[in-house]
Amino acid sequence: MTLYEFEGYIQSIYLVEYPHGLLLLDGACRADVPVIIDFITTKLNRPASDLKLVVSTHMHPDHAGAATKLKQLTGCKIAAGAQVKQWYSGLDGILMYLTDMLLAHWVAGRKNKKKQSLWYPRKLQPDYYLTNGQILPGFDDWQTVTTHGHTDRDISLYHQQSDKIYVADLVVIVKGQYTSPFPVFHPNRYKESLQNVCDLNVNTVILAHGGERQISKQQWQTLIDNAPNKPATHWRSVKKKLAKALT
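Residues numbered from 1 in each chain as written. Predicted model: local features only at pLDDT ≥ 70, side-chain atom pairs only at ≥ 80, totals over all residues. Heavy atoms only, no water.

### As for the overall build of the protein
1) Next: Tallying secondary structure elements over the protein gives 7 helices and 14 strands in all.
2) Next: A globule of 247 residues ought to have a C-alpha radius of gyration of about 18 Å, and the protein, at 18 Å, matches this closely.
3) Next: Across its three principal axes, the protein shows a C-alpha extent of roughly 60 × 40 × 35 Å.
4) Next: If you sum the accessible surface of the protein, you get close to 12200 Å²; carbon and sulfur atoms cover 51% of it.
5) Next: Measuring between centres, the 28 positive side-chain charges of the protein sit 10 Å from its 21 negative side-chain charges. (Helix = DSSP H or I, 4+ residues; strand = E, 2+ residues; numbered from the N terminus. Rg over C-alpha atoms; globule rule 2.2 N^0.38 Å. Areas by Shrake-Rupley, 256 points an atom, 1.4 Å probe, with all protein chains shown as cover. Lys, Arg positive; Asp, Glu negative; His and termini not counted. Charge placed at Lys NZ, Arg CZ, Asp CG, Glu CD.)

Written out as structure tokens, the structure is:
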């Protein structure tokens, strides 16, 4: 396999090439659709229909935003972590969806990116629901690793032959330091996810925001030690700011 990394709207895009087809390791942003299609047709000189599978590691705008449109354009299948209900379901889900969209636009502004539409379906309809240890359909050298915590459905993708794992937003980099993402809805599960990836002892960790990295055991332990003990969510952040403003 050949793994390509190229710049997306607010995150890195990772596309894996095989003779039999292409695998997109995450669902990217809605604004990334033409970028991905152009890379396939121009850089790789392959038809867009060679994109066979798009994995959405979780439902945030930069991880699920392009999936549905890419399926419409290329006929690819979509895979996502197994869960009973949609992430953005109900009134709370709608409000969270709008908030996440605003956050994505804010990040784009910080990166001096031209404003683009990021709207995508609030409800994803995957062709495959992935559980821990499951092999990716059509790409049997990749294995699903459940890494809940950031949301209730996050997954990572492990490639044993190259000793690499794509962890999406399990780890982010702030001011040059590895740290937890925002939000963290399930702190206990998040710490377990960090420990599980640490225990794999892989050579290379691939971040959605930060490229390929080598994270030491000590750095993993620091991440675990500093991970939130209580949920760090949109609503809790708003309540904390309101309380501070009223005191």
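### As for the sheet that holds strand β6 (residues 128-130)
1) Next: The 6 strands are arranged β1-β2-β3-β4-β5-β6 in an open sheet whose pairing can be described as mixed. At either end of the open sheet lies a strand with only one pairing partner, and these are β1 (2-7) and β6. Averaged over neighbouring strand pairs, the angle between their axes works out to 25° when direction is ignored.
2) Next: For strand β5 (residues 77-81) and β6, the ladder comprises 3 bridges, and the chain directions are parallel. Residue pairing across strands places Ala-79 opposite Tyr-128, the latter belonging to β6.
3) Next: Seen against the sheet, helix α1 (residues 33-43) touches β1, β2 (12-18), β3 (21-24) and β4 (51-56) and runs at an angle of roughly 135° to β1. (Pairing = 2+ DSSP bridges. Axes fitted to C-alpha atoms, helices over the stretch in contact; angles between N-to-C directions. Contact = heavy atoms within 4.5 Å.)

### Here's the deal with the environment of Ala-168
1) Next: Summarising the element assignment, Ala-168 is placed in strand β10 (residues 164-168).
2) Next: Spatially, the C-alpha atom of Ala-168 lies 8.1 Å from that of His-63, the residues being 105 residues apart in sequence.
3) Next: Not counting residues within four places of it along the chain, the set of residues in contact with Ala-168 comprises Asp-26, Thr-57, His-58, His-63, Ile-206, Leu-207 and Ala-208.

### Let's talk about the sheet that holds strand β8 (residues 139-146)
1) Next: Pairing in this open sheet of 6 strands is mixed, and the strands run β7-β8-β9-β10-β13-β14 from one edge to the other. At either margin of the open sheet sits one strand with a lone partner, and together these are β7 (135-136) and β14 (211-213).
2) Next: Summarising the sheet, strand β9 (residues 155-159) and β10 pair through 3 bridges and their orientation is antiparallel. Of the residues in β10, the one forming a bridge with Leu-157 is Tyr-166.

### Some words on the packing of α1 against helix α3 (residues 67-74)
1) Next: Two elements in contact, α1 and α3, have axes separated by 10 Å at closest approach and are oriented at 45°. Taken together, α1 and α3 sit at an angle that is classed as oblique. Between α1 and α3 lies a crossing whose hand is right-handed. Contacts between α1 and α3 involve Val-33, Ile-36 and Ile-37 from the first element and Lys-69, Leu-70, Leu-73 and Thr-74 from the second.
2) Next: Grouping the constituent residues of the contact of α1 with α3 by class yields 5 nonpolar, 1 polar and 1 charged. (Parallel < 35°, antiparallel > 145°, perpendicular 65-115°, else oblique. Left-handed = near helix turned anticlockwise from the far one by under 90°. Nonpolar A, V, L, I, M, F, W, Y, C, P; charged D, E, K, R; others polar.)

Any link to function would need more than the numbers given here.
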